[in-house]
Amino acid sequence: ILPDGETLIGIDPSERLALAIDHINRTQTDAELVIVTGDLTHRADARSYQRLKDGLSKLKLPVKLLVGNHDEREKSAGNFQHETIRDRLAGRRAL
């Protein structure tokens, strides 16, 4: 995700995220959890993490994030609570 108005190779990742969320909400009604793998942002800036949080808030399912090499846990912590994936997946089906 990038700050509002920015694109990556001519594509707005937030628009693609919105399409994916719409698809998940419409078609994956039997899932218990959505796991989003990093990179969550391209530059690990606060505006991008906020934009990601705003987009993910439209999911009807719980969501857990895995940070990637472009992410900074400390910067994202202001918007997201980090937990270990092992703790969250015990006994769950994930999409």
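Just above sits the structure.
Here's a quick rundown of the structure. (Residues numbered from 1 in each chain as written. Predicted model: local features only at pLDDT ≥ 70, side-chain atom pairs only at ≥ 80, totals over all residues. Heavy atoms only, no water.)

## Let's talk about the pattern of salt bridges
- Overall, the coordinates contain 5 salt bridges when judged by the stated rule.
- A salt bridge links R51 to D4; its shortest N-O distance comes to 3.4 Å. Here D4 lies in the segment before α1 (13–27) and R51 lies in helix α2 (residues 46–56), a separation of 47 residues in the sequence.
- On the basis of relative accessible area, D4 is assigned to the exposed category, the value being 64%.
- Between R47 and E6 there is a salt bridge, with the nearest N and O atoms lying 3.6 Å from each other. Residue R47 is found in helix α2, and its partner E6 is found in the segment before α1; the two are separated by 41 residues along the sequence.
- What emerges from the salt-bridge pattern is a single network uniting D4, D12 and R51. (Salt bridge = Lys/Arg side-chain N within 4 Å of Asp/Glu carboxyl O. Helix = DSSP H or I, 4+ residues; strand = E, 2+ residues; numbered from the N terminus. Buried < 20%, exposed > 50% of the residue type's maximum accessible area, 1.4 Å probe, protein only.)

## Side note on the nonpolar core
- In terms of nonpolar packing, the biggest core is built from 16 residues, with L52 and L56 touching the most fellow members.
- Mapped by element, the contributors of at least two residues to this core are α1, β1 (34–37) and α2.
- Those residues within four positions of L52 in sequence are excluded, and the remaining contacts are I1, L17, L40 and F80. (Core = buried A, V, L, I, M, F, W, Y, C linked by side-chain atoms within 4.5 Å. Contact = heavy atoms within 4.5 Å.)

## Quick look at the layout of surface pockets
- In this structure, the largest pocket occupies an estimated 220 Å³ of space.
- Along the walls of the largest pocket sit 15 residues, with I1, L17, V36, L52 and L56 positioned nearest its centre.
- Secondary structure elements with two or more residues in the lining of the largest pocket: α1, β1 and α2.
- Considering only residue class, the lining of the largest pocket consists of 12 nonpolar, 1 polar and 2 charged. (1 Å grid on protein atoms, 1.4 Å probe; cavity = no way out; pocket = protein on both sides within 12 Å on 5 of 7 lines; lining within 4 Å. Points joined across faces, edges and corners; volume = space filled by probe spheres on them. Nonpolar A, V, L, I, M, F, W, Y, C, P; charged D, E, K, R; others polar.)

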